[in-house]
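# Remarks on the overall topology
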Amino acid sequence: MKKHNFSAGPCVLPQEVIAKASAAVTDLDNSGLSLIEISHRSHAFVEVMEKARSLALELLGLEGKGYTALFLQGGASLEFLMVAYNLLETKAGYLNTGTWSDKAIKEAKLFGEIVEVGSSKDKNFKYIPKGYAVPSGLDYLHVTSNNTIFGTQIKEFPKTDTPLVCDMSSDIFSRKLDFSQFGLIYAGAQKNMGPAGTTLIVVKNDILGKVSRKIPSMLDYQVHIDKESMFNTPAVFPVYVSMLTLEWLKNLGGIAAIEEINEKKAQLIYSEIDLNPVFEGFASKEDRSTMNATFTLTDEKLKGSFDAMCKEAGVVGINGHRSIGGYRASMYNALSLESVGVLVDIMSEMERKG
Ligand SMILES: *Cc1c(COP(=O)(O)O)cnc(C)c1O
């Protein structure tokens, strides 16, 4: 039975990407060798890495603009400290919009003074703080574009001369943005690009080299840039699958095309949440994420029947994060409008049944 995979991460990938990746595990491009048994220095794999890196820059519109794309390991969680290691000399600003920002702040505090320029902790991260001042003298300002757990998303980024660092783990490649407003973007692959095991880092070259501390090689962005993302053995399979997903996205028409679909999906579910008295949205309306829709049942007694109907229809992965409960429908790029339709039909059926 077809499953409708609303998992928050690792998450749904395009079927054709899964098919190609499976074939490459058996035999990479008729080479008689598996993708996962060839040298990462082989011509075949070096080409994969180069293609993944250049597709990332191309899709973000950052080609020829002084940026480098890297595929490293350690997840977005390693970037929490790597960012600070490489960029934090004295003081950095952080916008606290949820669990992931909080974790990024905790790591950065090991390296210097952290100024929380704004926080929505007072309302359990239901909203995105706005109108906050960005003090001068910051080495960088860190924001989380999409708050996977709470279902909020930054629609407008702060205008500042301070280099902007963004954790885009759960909405990279999902919507059009002027990506050149960022000094550094990072994203764990497993939300909107590929399987777990690699992290995309897009860094503006000229923001590096400004801290006085010595940086261990594996944590030094410049080392990875100089070695073309091959300083050590990269995660060959996750990089390959990410490359296939980026290719899929390009063939679809790029970010502009997927943004239209993502907006339709978000509109479909949020209008149901707003019109249906059985459900209630969690995030403030103006800050709602197009990727992760968070909601609860207005009557907890209905949980059994809602869960059973979801199971029956093949809807999986909609349980909310343990820190907020309720439900979360994650609608990443590869999730079809049809799948959202299946969930919304169940929601309206819940209302009809009363
Ligand atoms: C999932 C997630 C992370 C953590 O990613 P890992 O790759 O597991 O380290 C960080 N930030 C955001 C916004 C996320 O959604």
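Per an unreviewed UniProt entry, the protein chain goes by the name Phosphoserine aminotransferase and belongs to Pricia antarctica. For the record of the protein chain, the UniProt heading Sequence similarities (unreviewed entry) holds the text "Belongs to the class-V pyridoxal-phosphate-dependent aminotransferase family. SerC subfamily." Quoted verbatim from the Subunit (unreviewed entry) field of the UniProt record, the comment on the protein chain reads "Homodimer."

### Concerning the UniProt feature "binding site: L-glutamate" (unreviewed entry) in the protein chain
UniProt records the feature "binding site: L-glutamate" (unreviewed entry) for Arg 41 in the present numbering. Here Arg 41 is to be found in the loop between helix 1 (15-26) and helix 2 (43-60). Not counting residues within four places of it along the chain, the set of residues in contact with Arg 41 comprises Val 46, Met 230 and Phe 231. Here the side chain of Arg 41 touches His 40 through a polar contact of 3.3 Å, side chain to side chain.

### Concerning the domain arrangement of the protein chain
Split by domain assignment, the protein chain resolves into domain 1 (4-11 + 255-353) and domain 2 (15-252). The C-alpha-based centres of domain 1 and domain 2 are spaced at 27 Å. Each side of the interface is counted separately: domain 1 has 30 residues, and domain 2 has 31 residues. Both faces combined, the contact of domain 1 with domain 2 buries some 2400 Å², and carbon together with sulfur accounts for 55% of it. Considering only the surface of domain 1 that becomes buried against domain 2, Ile 255, Phe 282 and Asp 287 emerge as the three largest contributors, covering 29% of it. Applying the counting criterion to the domain 1 and domain 2 interface returns three salt bridges. In this structure, the salt-bridge partner of Glu 259 is Lys 176, at a minimum N-O distance of 3.4 Å. One can count 16 residue pairs in polar contact (both at pLDDT 80 or more) joining domain 1 with domain 2.

### Quick notes on the site of the ligand
Neighbouring the ligand are 13 residues, the closest being Ser 77, Thr 148, Asp 167, Gln 190 and Lys 191. In the model, an oxygen atom of the ligand is placed 2.5 Å from a nitrogen or oxygen of the Thr 148 side chain. Between Gln 190 and the ligand, the recorded distance is 2.9 Å, taken from a side-chain N or O atom to an oxygen atom. Within the complex, 88% of the 380 Å² of free accessible area of the ligand lies under protein. Of all the secondary-structure elements, those providing two or more residues to the shell around the ligand are helix 3 (75-87) and helix 5 (189-192). Top element by residues in the shell around the ligand is helix 3. It accounts for four residues. Considered class by class, the residues forming the shell around the ligand number three nonpolar, eight polar and two charged.

Conventions used here
Residues numbered from 1 in each chain as written. Predicted model: local features only at pLDDT ≥ 70, side-chain atom pairs only at ≥ 80, totals over all residues. Heavy atoms only, no water. UniProt positions renumbered as here; feature names shortened; annotations may be inferred. Helix = DSSP H or I, 4+ residues; strand = E, 2+ residues; numbered from the N terminus. Contact = heavy atoms within 4.5 Å. Polar contact = N/O pair within 3.5 Å; in protein donor to acceptor, adjacent residues only side chain to side chain. Domains from an automatic or database assignment. Buried area = accessible area lost by both parts, 1.4 Å probe. Salt bridge = Lys/Arg side-chain N within 4 Å of Asp/Glu carboxyl O. Near = heavy atom within 4 Å. Areas by Shrake-Rupley, 256 points an atom, 1.4 Å probe, with all protein chains shown as cover. Nonpolar A, V, L, I, M, F, W, Y, C, P; charged D, E, K, R; others polar.

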